Amino acid sequence: VLGQELPPYEGVFLHGRALLGGPRTSAVRAAMAEGGFTPDESDAEPDHVGSELAFLAHLCGAEADAWRDGLETAAQRIQALQRAFLRLHLLRWLPPLVVAIEGVEGGLYAAASRLALGLAVDHLGEPPLDEDLAEVPDILSREKTGMRQIGDFLAVPLNTGTLLTPTAIRGI
């Protein structure tokens, strides 16, 4: 499911051309560095869903340590890092990833992805703000929009809210 069928990377879901690497990956790497986390990049880029969840777990552990040690200011700073990461990264693309997973496999991976999404939303502690959500371009208002532009638009998860997986394409 999370390999051949659909690539679980923030860049694929949020990049305007659905590309791996690039500015989304760099932004995730920078956020992780700010939080004192070094992802294992031997198998995947840092914007892989597993790496992003591992980073959030790292921040939760660091926050717990700070509270235990009586470091209120440090704990509050770590909470701010968690909220920023959830708003700017994970919660911007986890919902369409869950939809894509459910379209491919309704069992274990779908249940785990729904659980991860529920935990992330609960951890944020408030509904995401409108500015936290990705902007979808209005390509139909452009004079020179043709079939190619529409096809390119529909192939990008950022625009449609889901990923056209091999299973979805076979169904179509």
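Residues numbered from 1 in each chain as written. Predicted model: local features only at pLDDT ≥ 70, side-chain atom pairs only at ≥ 80, totals over all residues. Heavy atoms only, no water.

Points about the packing of aromatic side chains
- Taken as a whole and judged by the stated rule, the model has three aromatic pairs.
- Aromatic pair phenylalanine 55 and phenylalanine 85: ring centres 4.8 Å apart, planes at 80 degrees, arrangement edge-to-face. Of this pair, phenylalanine 55 sits in helix H3 (residues 49–68) while phenylalanine 85 is found in helix H4 (residues 72–104), placing the two residues 30 residues apart along the sequence.
- On the basis of relative accessible area, phenylalanine 55 is assigned to the buried category, the value being 1%. (Phe/Tyr/Trp six-rings, centres within 6.5 Å; stacked < 30°, edge-to-face > 60°. Helix = DSSP H or I, 4+ residues; strand = E, 2+ residues; numbered from the N terminus. Buried < 20%, exposed > 50% of the residue type's maximum accessible area, 1.4 Å probe, protein only.)

Re the environment of histidine 89
- Examined against the element boundaries, histidine 89 turns out to sit in helix H4.
- Judged by its relative accessible area of 7%, histidine 89 falls in the buried class.
- When the C-alpha atoms of histidine 89 and leucine 14 are compared, they prove to be 9.1 Å apart, with 75 residues separating the residues in sequence.
- Filtering out sequence-adjacent residues up to four positions away, histidine 89 remains in contact with Glu10, Leu14, Arg24, Ala27, Val28, Ala31, Glu52 and Ala84.
- Of the polar contacts made by the side chain of histidine 89, one reaches the side chain of glutamate 10; its length is 2.9 Å. (Contact = heavy atoms within 4.5 Å. Polar contact = N/O pair within 3.5 Å; in protein donor to acceptor, adjacent residues only side chain to side chain.)

Remarks on the environment of histidine 58
- Position of histidine 58 among the secondary structure elements: in helix H3.
- Measuring from C-alpha to C-alpha, the distance between histidine 58 and glutamine 82 comes to 9.8 Å, with 24 residues separating the pair along the chain.
- Residues in contact with histidine 58, not counting those within four places in the same chain, are Gly35, Gly36 and Phe37.

Overview of the side chain of glutamine 82
- Inspection of the secondary structure assignment puts glutamine 82 in helix H4.
- What makes glutamine 82 buried here is its relative accessible area of 3%.
- Residues contacting glutamine 82, with those up to four places away along its chain left out, are Leu56, Leu59, Cys60, Glu63 and His123.

Here we look at the confidence of the model for the protein
- Here the protein averages 84 in pLDDT, while 91% of its residues score no lower than 70.
- H3 holds the highest mean pLDDT among the elements of the protein, 95, whereas helix H7 (residues 157–160) holds the lowest, 74. (pLDDT = per-residue confidence, 0-100.)

Considering the packing of H4 against helix H5 (residues 108–124)
- For the pair H4 and H5, the least separation of the axes is 9 Å and the interaxial angle reads 155 degrees. Relative to H5, H4 is oriented roughly antiparallel. Crossing of H4 against H5: the hand is left-handed. Contact residues: Gln82, Arg83, Leu86, Arg87, Leu90, Leu91, Leu94, Pro95, Val98, Ile101 and Glu102 in H4; Tyr109, Ala110, Ser113, Arg114, Ala116, Leu117, Ala120, Val121, His123 and Leu124 in H5.
- Counted by class, the contact of H4 with H5 contains 14 nonpolar, three polar and four charged residues. (Axes fitted to C-alpha atoms, helices over the stretch in contact; angles between N-to-C directions. Parallel < 35°, antiparallel > 145°, perpendicular 65-115°, else oblique. Left-handed = near helix turned anticlockwise from the far one by under 90°. Nonpolar A, V, L, I, M, F, W, Y, C, P; charged D, E, K, R; others polar.)

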